[in-house]
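# Breakdown of the fold
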Amino acid sequence: MPTASCVYPQSNQTRRTIAEELRAIVANRQQSSSFYLDTLESQSHDELPFGIDREGEDHHQGLARTHQLSDGSIYFFLSHSETDSGDRGNLMQFRYSGPTRGEHVVSTHPLTVAPLIHGVLETAEQHPCDMAFLPDVNNADAGYLFLAEQNTHRLGIYHWVPSKPLELRGYISPATLSGGPNLVFLDRVGDRYYLGIAYVDDKSGKVELYTASPGELFKGCTPGVIDIAAFRPASPESTFPFPVSHDASQVHLIRDVSGGTFLLAFRGDPPDKEDATDYVDVHEVVFSPFGVKPRRDSIHIFLPSGKTSFANTGTHYVDQRGRLLISSSYRWSEDEGPGDSSFVSRVDECPS
């Protein structure tokens, strides 16, 4: 009897070039939609006496989302930094079960509230930041969350299924970075997975590149079974220049219809401000040999009015039709949720 083939996870390719997709995001700004994450009062904006603002300290930092599951729901992940001495950062998951148009969420009145599922996971890291989500094999309702830990200097890998809390599977500790990491990207390109763990400051940027073959990473092609040790430093070189703005809060790999691969860097100007002007910087990525090229474009993205910004969080998703979706959330929880939801964080999702 022949062995059944394995469906290894990979992002969807955009239906148009990356430039056309981003221009469509701008043109379709009125089609953006919103919903709430049911976050915590303890994650709201804390103001000290005498009007002293704690801007840029404890705050939401990383955002990621899953594909649409077999029951129609979509899960969103949010990391929250807790920077006071002795505090631990938070990692949360929320189940969106409201209406969708394809895999794009649809605004309701009042806005749909995605409940917090399985409570808050405290991380050993005070400042969990950028995240990448990789679905599981065979299109299962499961996957893996890769979380950059800036102060403990490592990348945490969590297994996710809707029915259980996130389960830590292990860490990768980059050996050659001078700090961080504060950025992470991951996808399958051709017959290899490429995992980039990066640190960028106001002086320079470096990325430590790891690769893995699908068969080694997912031995036995069984959902929930991943061999983190399959990610090995690229050879003969594993550390490369990373010419991304030090103001970028998130980076994401994307493949477009041309067959090219690009790195999207999300940033707000000024950084760390709720009312920042939002940009997506585009960098071409090549693999033979590997390199991230200098920024070739910077697109001003218009999020719906309010307190969402790439200075806070940002993520992207390409749906099965090849449509690009870009999302951001509040920097802090706000006491504006409908009904009993109280403190929430709005997510805005912009379609191409």
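Our structure is the block above this text.
Model, not experiment: these values are computed from the prediction.

This paragraph deals with the state of the cysteines. Throughout the structure, instances matching the rule amount to 1 disulfide. At a sulfur-sulfur separation of 1.9 Å, the disulfide partner of Cys 6 is Cys 221. Judged by the torsion about the S-S bond (85°), the Cys 6/Cys 221 disulfide is right-handed. One end of the pair, Cys 6, is in the segment before helix H1 (18-27); the other, Cys 221, is in the loop between helix H2 (214-217) and strand S16 (232-233), with 215 residues separating them in the sequence. Taking relative accessible area as the criterion, Cys 221 reaches 18% and is therefore assigned buried.

Its location among the elements puts Ser 79 in strand S3 (residues 74-81). Under the relative-accessibility criterion, Ser 79 is labelled buried at 0%. At 2.7 Å, the side chain of Ser 79 forms a polar contact with the backbone nitrogen of Gly 62. Beyond its immediate sequence surroundings of up to four residues, Ser 79 is in contact with His 59, His 60, Gln 61, Gly 62, Asn 90, Leu 91, Pro 128, Cys 129, Met 131 and Leu 147.

Turning our eyes to something else, we now look at H1. Every buried residue of H1 is listed here: Ile 18, Glu 21, Leu 22, Ala 24, Ile 25 and Val 26. On its buried face, H1 sits against strand S18 (248-255), strand S19 (261-269), strand S20 (277-287), strand S22 (297-301), strand S24 (324-329) and strand S26 (343-351).

As a further point, take the packing of aromatic side chains. For the coordinates displayed, the defined rule picks out 15 aromatic pairs. Taking 5.8 Å as the distance between ring centres and 75° as the angle between the ring planes, the aromatic pair formed by Phe 133 and Trp 160 counts as edge-to-face. You can see Phe 133 sitting in strand S9 (residues 128-135) and its partner Trp 160 sitting in strand S11 (residues 154-160), a full 27 residues away along the chain. In terms of burial, Phe 133 and Trp 160 fall into one category: buried.

As a further point, take the side chain of Thr 261. Along the chain, the position of Thr 261 falls in strand S19. Not counting the four nearest positions on each side in its chain, Thr 261 is found in contact with Val 189, Leu 253, Ile 254, Arg 255, His 283, Glu 284, Val 285 and Phe 287.

We now examine unusual backbone geometry. Geometrically, the link from His 109 to Pro 110 is a cis peptide bond, its omega value of 0° lying close to zero. The backbone of His 153 sits at a positive phi, close to 60°, despite the residue not being glycine. Relative to the assigned elements, His 153 resides in the loop between strand S10 (143-149) and S11. With a phi close to 50°, Cys 221 is a non-glycine residue in the positive phi region.

Inspection of the secondary structure assignment puts Val 26 in helix H1. Of the residues examined, Val 26 reaches a relative accessible area of 19% and is grouped as buried. Once the C-alpha coordinates of Val 26 and Ile 301 are considered, the two residues, 275 residues apart in sequence, prove to be 5.9 Å apart.

Attention now goes to the sheet that holds S11. In space, the 4 strands of this open sheet follow the order S9-S10-S11-S12, with antiparallel pairing throughout. Of all strands in the sheet, those with a lone pairing partner are S9 and strand S12 (167-172), marking the two edges. In this sheet, adjacent strand axes meet at a mean angle of 25° when their direction is disregarded.

To continue, consider the pattern of salt bridges. Scanning all chains against the criterion turns up 19 salt bridges. Between Glu 21 and Arg 16 there is a salt bridge, with its nearest N and O atoms 2.7 Å apart. Using a relative accessible area of 27% as the deciding quantity, one classes Arg 16 as partly exposed. Note that Asp 348 and Arg 346 form a salt bridge whose closest N and O atoms lie 2.7 Å from each other. Using a relative accessible area of 11% as the deciding quantity, one classes Arg 346 as buried. If you follow the salt bridges from partner to partner, you end up with Arg 15, Arg 16 and Glu 21 in one network.

Turning to the nonpolar core, a few remarks are in order. Ranked by internal contacts, the top residues of the largest apolar core, which has 27 residues, are Phe 146, Leu 155, Ile 172, Leu 195, Leu 217, Phe 218 and Phe 231. Among residues more than four places away in sequence, those in contact with Phe 218 are Tyr 8, Pro 9, Leu 134, Asp 136, Val 137, Tyr 144, Tyr 193, Val 225 and Ile 226. Of all hydrophobic cores here, the second largest spans 21 residues; its members include Val 189, Tyr 194, Phe 240 and Leu 263.

The subject of this paragraph is the environment of Val 106. Relative to the assigned elements, Val 106 resides in the loop between strand S6 (104-105) and strand S7 (113-114). Contact partners of Val 106, with chain neighbours within four places excluded, come to Ser 33, Ser 34, Tyr 96, Pro 99, Thr 100 and Arg 101.

The rules behind each value
Per-chain numbering applies: the sequence of each chain, read as written, is numbered from 1 onward. This being a predicted model, a pLDDT of at least 70 is required before a residue's local features are given, and a value of 80 or more before pairs of side-chain atoms are given or counted; all residues contribute to the totals for chains, interfaces and linings. No hydrogens and no water enter the side-chain calculation; it runs on all heavy atoms of the structure. What counts as a disulfide here is a pair of cysteine sulfur atoms lying within 2.5 Å. Note on conventions: DSSP H or I runs of at least 4 residues are helices, E runs of at least 2 residues are strands, and numbering of each starts at the N terminus. Any residue under 20% of the maximum accessible area for its type is buried, any over 50% is exposed, and the rest in between are partly exposed; the area is computed with a 1.4 Å probe on protein chains only. We define a polar contact as two N or O atoms separated by no more than 3.5 Å, with the added condition that, inside protein, one atom must be a possible hydrogen donor and the other a possible acceptor, whereas residues neighbouring each other in sequence contribute only through side-chain atom pairs. Here a residue-residue contact requires only that any non-hydrogen atoms of the pair lie within 4.5 Å. Stacked, tilted and edge-to-face pairs are distinguished by plane angle, under 30 degrees for stacked and over 60 for edge-to-face with tilted covering the rest, among Phe, Tyr and Trp rings (Trp via its six-membered ring) whose centres lie within 6.5 Å. Paired strands, in this sense, are two strands between which DSSP finds at least two bridges. Axes, fitted as lines to C-alpha atoms, cover a helix only where it is in contact. Angles between the N-to-C directions of the axes lie from 0 to 180 degrees. The term salt bridge refers to a pairing of a side-chain nitrogen on Lys or Arg with a carboxyl oxygen on Asp or Glu at a separation within 4 Å. The criterion is simple. A nonpolar core is a set of buried Ala, Val, Leu, Ile, Met, Phe, Trp, Tyr and Cys residues joined through side-chain atoms within 4.5 Å.

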